[in-house]
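Spelled out from the first residue to the last, the chains are:
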Amino acid sequence: MELDPKKTAVVFKALCDENRVRILQLLTTGEKCACKLLEEIPVSQPTMSHHMKILCDSGIVVGRKEGKWMHYSISPDGVAYARQCLETLSNAKSGENCRN
């Protein structure tokens, strides 16, 4: 797999915050309304929106609007891409490009 460095960085940015990891853990049990996520994660509504934007921009999470509320769920395609990124980066042959 040829990695898109920019897209890969966005994926890893989404995973580098403990609140976003906690949000993903909550979403593993299914779709959640933003109001439910706010009950579980002690952040302000604007901060939650910021976290959700980063997660959605990464493709790992998708949102859908229902009335005035947003409902979020994990995207299987986004998770598959993140998994491919990690597999590609962790399968690099060590030492081939290093000369002492």
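Rules of the game
- Residues numbered from 1 in each chain as written.
- Predicted model: local features only at pLDDT ≥ 70, side-chain atom pairs only at ≥ 80, totals over all residues.
- Heavy atoms only, no water.
- Salt bridge = Lys/Arg side-chain N within 4 Å of Asp/Glu carboxyl O.
- Helix = DSSP H or I, 4+ residues; strand = E, 2+ residues; numbered from the N terminus.
- Buried < 20%, exposed > 50% of the residue type's maximum accessible area, 1.4 Å probe, protein only.
- Arc of directions from axis to C-beta.
- Contact = heavy atoms within 4.5 Å.
- Polar contact = N/O pair within 3.5 Å; in protein donor to acceptor, adjacent residues only side chain to side chain.
- Patch = residues over 30% accessible without salt bridge, like charges linked within 9 Å, V, L, I, M, F, W, Y side chains within 5 Å.
- Areas by Shrake-Rupley, 256 points an atom, 1.4 Å probe, with all protein chains shown as cover.

Draft legend 1. Inspection of the pattern of salt bridges at higher detail. Tallied over the entire structure, the rule returns four salt bridges. Its salt-bridge partner being R64, residue E31 comes within 2.8 Å of it at the nearest N-O pair. Note that E31 is positioned in the loop between α2 (18-27) and β1 (32-33) and R64 in strand β2 (residues 61-66), a separation of 33 residues in sequence. With a relative accessible area of 39%, E31 lands in the partly exposed category. Among the ionic pairs, E39 bridges to K36, the shortest N-O distance being 3.8 Å. Remark: K36 and E39 occur in helix α3 (residues 34-40); sequence separation between them is three residues, near one turn of the helix.

Draft legend 2. α2, seen in detail. Among the residues of α2, those classed as buried are N19, R20, I23, L24 and L27. Along the axis of α2, the buried positions cluster into a sector of 145°, meaning they face one direction only. Among the exposed residues of α2, those oriented more than 90 degrees off its buried face are E18 and Q25. Turning to α2, the residues buried within the fold contact α1 (5-15), β1, α3, α4 (45-58), β2 and β3 (69-74). Its side-chain oxygen placed 2.8 Å from the backbone nitrogen of N19, D17 serves as the N-cap of α2.

Draft legend 3. Local environment of a nonpolar patch on the surface. Judged by side-chain polarity, F12, L15, L86 and L89 come together as a nonpolar surface patch covering roughly 340 Å² of accessible area. Put simply, the parts of the chain that give the nonpolar patch at least two residues each are α1 and α5 (76-90). Secondary-structure assignment places F12 in helix α1.

No statement about biological role is implied by the geometric values presented.
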